[in-house]
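Residue-level listing of the chains:
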Amino acid sequence: MKYDVVVLGAGMIGVSCALHLQAKGKSVVLLDRRPPGLETSYGNAGIIQCEAIEPYELPRKLSFLLSVATNRRVDVRYHPSALMQLLGPLRSYYRNSAPEIHATIAKAYESIIALSLETHEQLITAARAEALKGGDGFCTLFRTESELEKFLAKADRRERHGIRLKKLDAAAIHVLEPAISSAFIGGVHWLDPVPIKDPGALVQAYARLFEEHDGLVMQGDAMSLQRIGTQAWQVDAADAQMIQCSKVVVALGPWSVALTRRFGYAPPLFPKRGYHMHYAPTQGGPLNHPIIDAEYGYVVVPTTTGIRLTTGAELALVDAPATPHQLHAAEAIAKRDFPLGERIDAEPWKGARPCFPDMKPVIGAVPGVDGMWCAFGHGHQGFTLGPITGELLAAQMTGAKPRIDMTAFSPARPFV
C-alpha cells in the first residue's frame, strides 16, 4: 500500500502531526507498536500548560547538586549505571541553564507554547472531546516562605506576558481545596491552563477524528523502516503488510533517535523517566484542581480513574527496569497532605520524557535524509505542544510558511 506520509509514533505528537498533514490533503498512515495514546502520552499529569513559557532549567546551586548526588531527593533521582551515557547531555543541559543562555532559549520556547491552547481547543472541539476537560486551571503550592517568594518573582514576569493568575495565601488555598492539609502557606492558581481528566483518552479522541476523515491507524514495527530506492520508504505493519510512502515522520518520543541514528542523525536526546499511581479519594472530600507540590516535585491530579500522583525526573536509560523509589517517597509525603486513599493500580506506571540539552524539540526535515521529517524532544511538554507541533510540521512539509520562526527548533541546529 502506498501513501503520501507515514507518521511513526501514535502519542500526542504523532497523532497531531497526522491530523494536520491530513488537513493539508495528504494521505496519511499513523503507525505504532501499540494503539494511540498508550505510551508517554498516557501517563503524564494531563495539563495543557499554556503558562509554561520557560522550559525547565537545571538548578545550578551547589547545594542542589550535592543533594542530587545523594540520590535521595523526591524530585530527581538517577541510575548510577546510566551516568556515563547521560553525562554529556546533562553537562550541556547545565550549561544551557545559565541565566543569560536560558533567557534566549525561553524567548524561542515562548513563541511555540503561546499557541498551544488555541490549537488544542480547535482539536478538542473537532473531536467532540469537551467532556474530558477539567476545571479552572491548576495550582502550584509552597510550604516555605523563601521558596514561595522566589517563585512569585517568576510568576510576576509571566503575568506581564498576559498570563492570568491568582496569588494564594493559606486561607485562599483552603477555600479552593478544603480537603488538603494546612502544610501549604501560599502559591499560585494558574487560570488559563486546561486540565484533562484522562490524557490518554484525549489522544485517542484525536486519533478517532483522524480515522473519521479516512486516516489509517495501524500497528507495526517502526524500527523496520527502510529505504526503497531513492524516493520512497517502507515499514512493516501488522498481518505482514508492507506500507510504502514518499515521506516519513519520526515522532517516537524517547525512542526516536534509536531509529534516526540508522540514517545518520543522532542528536543528543536523553530521557527523564517518570512514574504514576492512582488512588481512591478518601472521605475527607475531593481534590478540585491539579496541584504541584513545588518543593517536592510531584503532582496530584483528579482524573476519571482516581487521584493520579505523578513523579519528577528519574535519570535512567529509557528501557531500564522500573525503580519507582521516587513514587514511594512522594506517596509518603502526599498521603499526609492530600485525600489519597488506597492504591488503585496493580503496579506503578512508568514512562519517559524525551529531552534535549537545549530544552527545545526538533521539528522539521532531518538533515541529509531526503523524505525524513521529525517531531520529538518536547521534554515535559509533549502533551501541551502536540497540536501546534503538528501544525508547524505540516506547514513545512507542504511548503507553507509556519506561523513562527522555526530556526530554534530546526533539526539541523547545533546542540551545544
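The notes below deal with the structure included here. (Residues numbered from 1 in each chain as written. Predicted model: local features only at pLDDT ≥ 70, side-chain atom pairs only at ≥ 80, totals over all residues. Heavy atoms only, no water.)

So, the pattern of salt bridges
- All told, the structure shown has 18 salt bridges when counted by the stated rule.
- Across the salt bridge formed by Asp293 and Arg143, the nearest N and O atoms sit 2.7 Å from each other. Here Arg143 lies in the loop between strand 5 (138-142) and helix 7 (145-160) and Asp293 lies in strand 13 (residues 291-293), a separation of 150 residues in the sequence. For the pair Asp293 and Arg143, a shared accessibility class is recorded, and that class is buried.
- Of the charged contacts, one joins Glu314 and Arg273 as a salt bridge, the two residues approaching to 2.7 Å between their closest N and O atoms. Pair noted here: Glu314 is in strand 16 (residues 313-315) and Arg273 is in strand 12 (residues 270-281), with a separation of 41 residues, a long-range link.
- On the basis of relative accessibility, which here comes to 3%, the residue Glu314 falls in the buried class.
- Here Arg273 falls in the buried class, since its relative accessible area comes to 0%.
- In this structure, a network of salt bridges that share partners links the residues Arg33, Arg34 and Glu39. (Salt bridge = Lys/Arg side-chain N within 4 Å of Asp/Glu carboxyl O. Helix = DSSP H or I, 4+ residues; strand = E, 2+ residues; numbered from the N terminus. Buried < 20%, exposed > 50% of the residue type's maximum accessible area, 1.4 Å probe, protein only.)

Description of the packing of aromatic side chains
- Under the defined criterion, the tally for this structure stands at 9 aromatic pairs.
- Ring geometry for Phe142 and Phe151: centres 4.9 Å apart, planes at 40 degrees, overall tilted. In terms of burial, Phe142 and Phe151 fall into one category: buried.
- A cation over a ring is seen here: Arg60 above Tyr94, with NZ or CZ 4.3 Å from the ring centre.
- When the ring centre of Tyr42 is taken as origin, the NZ or CZ atom of Arg308, which lies over that ring, is 5.3 Å away. (Phe/Tyr/Trp six-rings, centres within 6.5 Å; stacked < 30°, edge-to-face > 60°. Lys NZ or Arg CZ within 6 Å of the ring centre and 35° of its normal.)

Remarks on helix 4 (residues 83-96)
- Relative to the 20 Å expected for 14 residues at 1.5 Å per residue, helix 4 spans 19 Å between its end C-alpha atoms, a close match to the ideal helical length.
- Largest kink in helix 4: about 30 degrees, centred on Pro89.
- Turning to helix 4, its buried residues number three or more, namely Leu86, Pro89, Leu90, Ser92, Tyr93 and Asn96.
- The inward-facing, buried residues of helix 4 abut helix 5 (99-113), strand 12 and strand 16. (Expected span 1.5 Å × (residues − 1). Bend = angle between axes of the 7 residues up to and from the residue. Contact = heavy atoms within 4.5 Å.)

Re the side chain of His276
- Examined against the element boundaries, His276 turns out to sit in strand 12.
- The class for His276 is buried, based on a relative accessible area of 1%.
- Within polar-contact distance, the side chain of His276 engages the backbone oxygen of Gly43 at 3.0 Å.
- In contact with His276, other than residues within four places in its own chain, are Tyr42, Gly43, Arg308, Leu309, Thr310, Leu327, Asp345, Pro348 and Trp349. (Polar contact = N/O pair within 3.5 Å; in protein donor to acceptor, adjacent residues only side chain to side chain.)

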